[in-house]
Amino acid sequence: MPSNQFDHIPMVDLKEELRLIREPILTEVTEVIDSGEYILGKKSEELEKLVAQYVGADYGIGVANGTDALQLSLMALDIGPGDEVITTPFTFFASAEAIEQVGAKPVFVDIEEETYNIDPAKIEAAITPVTKAILVVHLYGQVADMKEIMKIAKANKLKVIEDACQAIGSEYEGERVGALGDIGCFSFFPSKNLGAFGDAGIVVTNKKDLYEKVSKLRNHGSEQKYHHSSIGMNSRLDEVQAAILLVKLYYLDIFLHKRKEIARRYTEHLHHLFKTPPVQENREHTFHQYCIELDDRDELAEALNTNGISSAIYYPIPLHLQEAFQHLPYKEGDFPNAEKSAKKVLALPIYPMLSFQKQDYIISTVKSLMKNNG
């Protein structure tokens, strides 16, 4: 077993990242504090414009978090009680929670075994007369097969919402996610590839009517102060978080490049031991998570922890088996690929400031543990 010369290696090390960008962030935040403008101000407007440009969308609307981004998108598309929205059971809870929050019904479709994303080949069988949209999740930074999904949506007159909360900067045939469907949602949770110092998110779209609807809905259904034309919610991106994100957006492509290089090194050294993340020929994976897949996942995770290496499971329980969704007509065995992945996936540490020396220790430790277990 290789000797550990490091402290415990976390899944994400935000303190290391802060050391690099501390001064420009303090400068931006100080500007906000001195301005006295803390909600829906100039920093938010600038961030909305730059993020929209980055992903190739015409409009951006800053919101309080990624979950609100999803809910506001559904609301803007007039999806509510009596409607169905097709999505994946293998994702973070918020993807389907947002559908329930607007009163609609989540309809799950199994995932592709290879990519962990929703399987387009299974979508049409789930479409009913009350299906209104497909909510696509680009899981771990891996892009779903958008060409097929958009083809199905167009043929059935369905809207497409992109849950790109884990995938900012990911590309499909040269175009970035978020602007591929009707409306796209991003989370800026601190551990995301572009993370704030608290909760934050953004909605992007190429459709002016959706931009206007989301802009109004995030602000209590109001366009003019104290005049409310619809029931909305309080979900505004504050100026401090916008200021921080403006600095971090400048570094985003550099950090994504480092993530891809770390992922490449993991795969180069570990692909013969278990399933490593595939990179599709026409897609750009940004590796929000680097997930391997193996039968003795829990044993490896425990052994890694003993050797000072963090790991995590994304996600241990598919949504159709969550207690909160037991009112839906699903049971164990309905989505075998999602259920299998939930029992086998394990995420290894990946973040831009992870040194190759630390990564080499992780790699050598994994190899040693697999050899001993083999």
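Residues numbered from 1 in each chain as written. Predicted model: local features only at pLDDT ≥ 70, side-chain atom pairs only at ≥ 80, totals over all residues. Heavy atoms only, no water.

Caption draft 1: Representation of the overall build of the chain within the structure. Per the secondary structure count, the chain includes 10 helices and 14 strands. Counting every position in the chain, which comprises 374 residues, the buried fraction comes to 57%. A sequence separation of at least 24 residues applies to 73% of the contacts in the chain between residues at least 6 apart. On the chain, roughly 16300 Å² of surface is accessible, and the fraction owed to carbon and sulfur atoms is 49%. Once the 39 positive and 55 negative side-chain charges of the chain are each reduced to a mean point, those two points are 2 Å apart. (Helix = DSSP H or I, 4+ residues; strand = E, 2+ residues; numbered from the N terminus. Buried < 20%, exposed > 50% of the residue type's maximum accessible area, 1.4 Å probe, protein only. Contact = heavy atoms within 4.5 Å. Areas by Shrake-Rupley, 256 points an atom, 1.4 Å probe, with all protein chains shown as cover. Lys, Arg positive; Asp, Glu negative; His and termini not counted. Charge placed at Lys NZ, Arg CZ, Asp CG, Glu CD.)

Caption draft 2: Spotlight on the packing of aromatic side chains. Across all of its chains, the model carries 15 aromatic pairs by this definition. On the numbers, 6.2 Å between centres and 40° between planes, the contact of Phe92 with Tyr315 is tilted. In this pair, Phe92 is assigned in the loop between β2 (84–87) and α4 (94–101) and Tyr315 in the loop between α8 (297–306) and α9 (336–344), connecting sequence segments 223 residues apart. The ring of Tyr54 has Arg176 sitting right over it, with the charged end atom 3.8 Å from the ring centre. Across from the ring centre of Phe356, 5.3 Å away, lies the NZ or CZ of Lys258, which sits over that ring. (Phe/Tyr/Trp six-rings, centres within 6.5 Å; stacked < 30°, edge-to-face > 60°. Lys NZ or Arg CZ within 6 Å of the ring centre and 35° of its normal.)

Caption draft 3: Highlighting the confidence of the model for the chain. Of all residues in the chain, 100% attain a pLDDT of 70 or more, and the chain-wide mean is 97. Ranking the elements of the chain by mean pLDDT puts strand β10 (residues 222–224) last with 89 and β2 first with 99. (pLDDT = per-residue confidence, 0-100.)

Caption draft 4: The arrangement of the sheet that holds strand β7 (residues 175–176) in detail. In spatial order, the strands read β7-β6-β12; together these three strands make up an open sheet with antiparallel pairing. Of all strands in the sheet, those bounded by a partner on one side alone are β7 and β12 (283–284). As judged from the two bridges shared by strand β6 (residues 171–172) and β12, these two strands associate in the antiparallel manner. Residue Tyr172 lies in a different strand from β12, and its bridge partner there is Arg283. (Pairing = 2+ DSSP bridges.)

Caption draft 5: Spatial organisation of the packing of helix α7 (residues 239–270) against helix α10 (residues 356–373). Interhelical geometry of α7 versus α10 gives an angle of 25° and a closest axis separation of 10 Å. With respect to α10, the element α7 is oriented roughly parallel. Remark: the crossing between α7 and α10 carries right-handed chirality. Across the interface between the two elements, Lys258, Glu261, Ile262, Arg265, Tyr266, His269 and Leu270 from α7 touch Phe356, Gln359, Asp360, Ile362, Ile363, Val366 and Lys367 from α10. Split into classes, the residues belonging to the contact of α7 with α10 amount to seven nonpolar, two polar and five charged. (Axes fitted to C-alpha atoms, helices over the stretch in contact; angles between N-to-C directions. Parallel < 35°, antiparallel > 145°, perpendicular 65-115°, else oblique. Left-handed = near helix turned anticlockwise from the far one by under 90°. Nonpolar A, V, L, I, M, F, W, Y, C, P; charged D, E, K, R; others polar.)

Caption draft 6: A look at the environment of Leu74. Residue position: Leu74 is located in helix α3 (residues 66–76). Once the C-alpha coordinates of Leu74 and Lys132 are considered, the two residues, 58 residues apart in sequence, prove to be 9.8 Å apart.

Caption draft 7: Summary view of the pairing of strand β3 (residues 105–108). Pairing of β2 with β3, which is carried by four bridges, proceeds in the parallel orientation. Each bridged residue has a counterpart across the sheet, and for Val85 the counterpart in β3 is Pro106. Each parallel crossover has a hand, and for β2 linked through α4 to β3 it is right-handed. (Right-handed = clockwise from strand over helix to strand, strands pointing away.)

Caption draft 8: Layout of the nonpolar core. Counting 88 residues, the largest nonpolar core has Leu47, Ile79, Phe90, Ile149, Ile161, Phe186 and Phe188 as its most contacted members. The biggest single contributor to this core is α7, with six residues. Of all hydrophobic cores here, the second largest spans 26 residues; its members include Tyr266, Leu294, Ile309 and Leu348. (Core = buried A, V, L, I, M, F, W, Y, C linked by side-chain atoms within 4.5 Å.)

Caption draft 9: Representation of the sheet that holds strand β1 (residues 59–63) in the model. Judged by pairing direction, the sheet is mixed, and its seven strands sit side by side in the order β1-β9-β8-β5-β4-β2-β3 without closing on themselves. Since the sheet does not close on itself, it has two edges, and those belong to β1 and β3, each with one partner. The average undirected angle you get between the axes of adjacent strands in this sheet is 25°. Sheet analysis places strand β4 (residues 131–137) next to strand β5 (residues 159–163), joined by five bridges and oriented parallel. What sits directly across from Ala133, in β5, is Lys159. Of the strands in this sheet, β1, β2, β4, β5, β8 (183–187) and β9 (201–205) touch α3, which is tilted by about 165° from β8. Sheet contacts for α4: β2, β3, β4 and β5; angle to β3, the most-contacted strand, approximately 145°.

Caption draft 10: Quick look at unusual backbone geometry. Note that the residue after Tyr314, namely Tyr315, is joined by a cis bond; omega there is 15°. You will see that Leu40, though not glycine, has its phi angle at about 50°, which is positive. Inspection of the secondary structure puts Leu40 in the loop between α1 (14–35) and α2 (42–55). Classification of Leu40 by relative accessible area gives partly exposed; the value is 33%. Notably, Tyr226 is not glycine yet its phi reads approximately 70°, a positive angle. Topologically, Tyr226 is positioned in the loop between β10 and β11 (227–228).

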